[in-house]
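# Summary of the model geometry
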Amino acid sequence: MPINPYASLLKKLTQNKIKFVVIGVSGINYYADDPGTLFSTRDLDILVQPTGKNVYATLRLLEKNRCELESNGEPVVEVDQWLTSKILEQRAVITARKGSSLRVDIVTDAGRIPYEKWRKGCRYFLVQGVKIPVGGLPELILAKKNSNREKDRQFLALYRIQLKEMLEKAKRSGH
Amino acid sequence: MKVSKKYDLDLELMARQAMKLSFNKAGSDKSFVLDALYWHNDFWAHVNRIRAH
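### Concerning the interface of chain A and chain B
With 28 residues of chain A at the contact, the number on the chain B side is 21 residues. Three residues stand out in chain A for area buried against chain B, namely Arg 42, Ser 101 and Leu 126 of chain A, and they jointly supply 25% of the buried area on that side. Across the chain A-chain B interface, the total number found is zero salt bridges. Linking chain A with chain B are eight residue pairs in polar contact (both at pLDDT 80 or more). Broken down by secondary-structure element, the contributors of at least two residues to the side of chain A that touches chain B are α1 (5-15) and β7 (123-127) of chain A. A total of four residues in the side of chain A that touches chain B trace back to one element, the largest contributor, which is α1 of chain A. Residue classes in the side of chain A that touches chain B are distributed as 15 nonpolar, nine polar and four charged.

### Topic: the packing of α1 of chain A against helix α2 (residues 31-52) of chain B
Two elements in contact, α1 of chain A and α2 of chain B, have axes whose closest approach is 8 Å; the angle formed by their N-to-C orientations is 130°. By the angle between their axes, α1 of chain A is oblique relative to α2 of chain B. Residues Pro 5, Tyr 6, Ala 7 and Leu 10 of chain A of α1 of chain A pack against Leu 34, Leu 37, Tyr 38 and Asn 41 of chain B of α2 of chain B. Here the contact of α1 of chain A with α2 of chain B is composed, by residue class, of seven nonpolar, one polar and no charged.

### A word on the packing of helix α3 (residues 52-64) of chain A against helix α4 (residues 81-90) of chain A
Geometrically, a packed helix pair is captured by the angle between its two axes and the distance between the axes. Residues and elements named next belong to chain A. Between α3 and α4, the shortest axis-to-axis distance is 9 Å and the interhelical angle comes to 110°. Accordingly, the angle class assigned to the pair α3 and α4 is roughly perpendicular. Crossing of α3 over α4 shows right-handed handedness. Between α3 and α4, the contacting residues are Gly 52, Val 55, Tyr 56 and Leu 59 on the first element and Gln 81, Thr 84, Ile 87 and Leu 88 on the second. Residues belonging to the contact of α3 with α4 are distributed by class as follows: five nonpolar, three polar and no charged.

### Here's the deal with the nonpolar core
Within the largest apolar cluster, 61 residues are counted, with the highest numbers of intra-cluster contacts made by Leu 10, Tyr 30, Ile 46, Leu 69 and Val 104 of chain A. Once residues lying within four places of it in the same chain are set aside, the contact partners of Leu 10 of chain A are Phe 20, Val 22, Tyr 30, Leu 44, Ile 46 and Ile 132 of chain A together with Leu 34 of chain B.

### Remarks on unusual backbone geometry
Residues apart from glycine generally show negative phi values, whereas peptide bonds are mostly found in trans. Residue and element names in this part refer to chain A. Even without being a glycine, Gln 128 presents a positive backbone phi close to 45°. Positioned with a positive phi, Asn 148 is a non-glycine residue whose angle comes to about 60°. With respect to the helices and strands, Asn 148 occurs in the loop between α6 (137-146) and α7 (150-158). Residue classification places Asn 148 among the exposed residues on the basis of a relative accessible area of 56%.

### A short note on the confidence of the model for chain B
Averaged over all residues, the pLDDT of chain B equals 67, while 49% of them reach at least 70. Residue range residues 21-27 of chain B is modelled with pLDDT below 50. Its contacts to residues more than four positions away, or to other chains, number two contacts.

### Considering helix α8 (residues 160-172) of chain A
In an α-helix there are 3.6 residues to a turn, and that puts residues three or four apart on one side. Residue and element names in this part refer to chain A. Over its 13 residues, α8 extends 18 Å from the first C-alpha to the last, a length consistent with the 18 Å expected when each residue adds 1.5 Å. Of all the residues in α8, the buried ones are Leu 163, Met 166 and Ala 170. Buried residues in α8, looked at end-on, bunch into an arc of 60°, giving them a common side. Among the exposed residues of α8, those pointing more than 90 degrees away from its buried face are Arg 160, Ile 161, Lys 164, Lys 171 and Arg 172. Residues of α8 that are buried in the fold lie against α2 (24-28), α6 and α7.

Conventions adopted
Residues numbered from 1 in each chain as written. Chains lettered and ligands numbered in written order. Predicted model: local features only at pLDDT ≥ 70, side-chain atom pairs only at ≥ 80, totals over all residues. Heavy atoms only, no water. Contact = heavy atoms within 4.5 Å. Buried area = accessible area lost by both parts, 1.4 Å probe. Salt bridge = Lys/Arg side-chain N within 4 Å of Asp/Glu carboxyl O. Polar contact = N/O pair within 3.5 Å; in protein donor to acceptor, adjacent residues only side chain to side chain. Helix = DSSP H or I, 4+ residues; strand = E, 2+ residues; numbered from the N terminus. Nonpolar A, V, L, I, M, F, W, Y, C, P; charged D, E, K, R; others polar. Axes fitted to C-alpha atoms, helices over the stretch in contact; angles between N-to-C directions. Parallel < 35°, antiparallel > 145°, perpendicular 65-115°, else oblique. Left-handed = near helix turned anticlockwise from the far one by under 90°. Core = buried A, V, L, I, M, F, W, Y, C linked by side-chain atoms within 4.5 Å. Buried < 20%, exposed > 50% of the residue type's maximum accessible area, 1.4 Å probe, protein only. pLDDT = per-residue confidence, 0-100. Expected span 1.5 Å × (residues − 1). Arc of directions from axis to C-beta.

Okay, structure coming up:
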């Protein structure tokens, strides 16, 4: 079986002491008990601590790992401190792609929830021996509610019962 | 109601087993989340390649 590029990337972020939290549907999926209850998604959303040093280190790491970076359809190349400050200023979403199977969205701001609150509520899940910080389920759902996007409204409406059950289970198990 | 000693022990055993189970669950590997993401993208990449031909 080939090495999973997502697992490899998350491992590298952790090893390089990048401060981040996995969010979005890919974050909600960590609360699923088995593959049969996963929600369908095509990307991994990563909220990084919005400081110049951390965002710069994240983007440099992605570049070093031969990921193609883009924002708003425009390529992002040769990341430096100036570009990092602009990304932070604009709260730009950076999409990193590698090959046909890896797509990661790097965000510095999510769901109108401050990074510190995400970090405080986050839970750690093990992936191949690496502890991955994932947003707390209540924050992940709240972020969807706050996003004011039609696709998020539909997601919440469609999976209302399943999400409620996941929340109850997470509360019982201390997640 | 008088609760027998055996009943107490059974309850304790059950509680211990539940704790053990939840501990195992909390520590269980979640590789399947990332595997699903990877295979999902890989599948669609294949579909798009076929469509392009």
